[in-house]
Every structure is written in C-alpha cells, then in structure tokens.
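Overview (structure and organization)
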Amino acid sequence: MHHLNQPLSPEILADHLHISQDYLLHLFSEQEGTTLMEYIRKNRIEAAVNMLKYSDFHIQRIAEYYQFKTQTPFGAVFKRYMGMTPATC
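Below, the structure is looked at part by part. All values reported here derive from a predicted model rather than from experimental measurement.

1. Remarks on unusual backbone geometry
- Positioned with a positive phi, His18 is a non-glycine residue whose angle comes to about 60°.
- Look at Gln67: it is not a glycine, yet its phi comes out positive at around 70°.

2. Here's the deal with the packing of helix H3 (residues 36-54) against helix H5 (residues 71-82)
- Contact geometry for H3 and H5: axes closest at 10 Å, N-to-C directions at 95°. In terms of orientation, H3 lies roughly perpendicular with respect to H5. Contacts between H3 and H5 involve Glu38, Arg41, Lys42, Ile45, Ala48, Val49 and Leu52 from the former and Phe74, Val77, Phe78, Arg80, Tyr81 and Met82 from the latter.
- Of the residues assigned to the contact of H3 with H5, the class counts are nine nonpolar, no polar and four charged.

3. A few points about the environment of Pro7
- Mapped onto the elements, Pro7 comes out in the segment before helix H1 (10-17).
- With relative accessibility at 53%, the residue Pro7 sits in the exposed group.
- Separated by 70 residues in sequence, Pro7 and Val77 have C-alpha atoms that sit 17 Å apart.
- In this view, Pro7 contacts Ile12, Arg44 and Gln67; residues no more than four positions away in its chain are not counted.

4. Some words on the pattern of salt bridges
- The final tally for this structure, using the stated rule, is three salt bridges.
- With a shortest N-O distance of 2.9 Å, Arg41 and Glu38 are connected by a salt bridge. Residue Arg41 and its partner Glu38 are located together in helix H3, separated by three residues, close to a single helical turn.
- Judged by relative accessible area, which is 23%, Glu38 ranks as partly exposed.
- Of the charged contacts, one joins Lys42 and Glu46 as a salt bridge, the two residues approaching to 2.9 Å between their closest N and O atoms. You can see Lys42 and its partner Glu46 sitting in helix H3, four residues apart, about one turn around the helix.
- Here Lys42 falls in the partly exposed class, since its relative accessible area comes to 40%.

Scoring rules and cut-offs
Residues numbered from 1 in each chain as written. Predicted model: local features only at pLDDT ≥ 70, side-chain atom pairs only at ≥ 80, totals over all residues. Heavy atoms only, no water. Axes fitted to C-alpha atoms, helices over the stretch in contact; angles between N-to-C directions. Helix = DSSP H or I, 4+ residues; strand = E, 2+ residues; numbered from the N terminus. Parallel < 35°, antiparallel > 145°, perpendicular 65-115°, else oblique. Contact = heavy atoms within 4.5 Å. Nonpolar A, V, L, I, M, F, W, Y, C, P; charged D, E, K, R; others polar. Buried < 20%, exposed > 50% of the residue type's maximum accessible area, 1.4 Å probe, protein only. Salt bridge = Lys/Arg side-chain N within 4 Å of Asp/Glu carboxyl O.

This is the structure in structure tokens:
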C-alpha cells in the first residue's frame, strides 16, 4: 500500500520477493480472489479518491502520481470502480 505511487508489476514484485512471477500470480489470485494488477488498480483508485477529496491537486497530477500515463485511462478505470468520473468525486 505504501508503494502505490511507484511502478508495480508482477515482475517487479516477484523479483523483490525472490519468487517466480508465475508463483506470485498464482498465490495472489488464490489468496485474494482477484488478479494482482486488478488489486493494485483498485487500491490506486481508492487512494486517488482521497487525494481528490482532500487535496488541491489537479486530476492529471493525481493520475500521474498513481502511475497512469494520462488522465484518459485514469478516468476509465476510476469510473469502472467508482461509478463516476474523477471530476464528480
């Protein structure tokens, strides 16, 4: 959770944990009932909601902070999880 604003991927995490990527993905899905990347995206969006509500940062800045290349994919993922756009949050 403390690294949601940093690049995260199965490869990076498996390397950090000194386990194979396949084993990490299998174990994570088995334990959490979702994929690793889906879990990361969901938690990034939840953290972004707090920033949108309690900071003066622009949506683009928050999107970049949470590793979205542009505001467009951020908005799409945000809407999928939150049922609204970042601007209406």
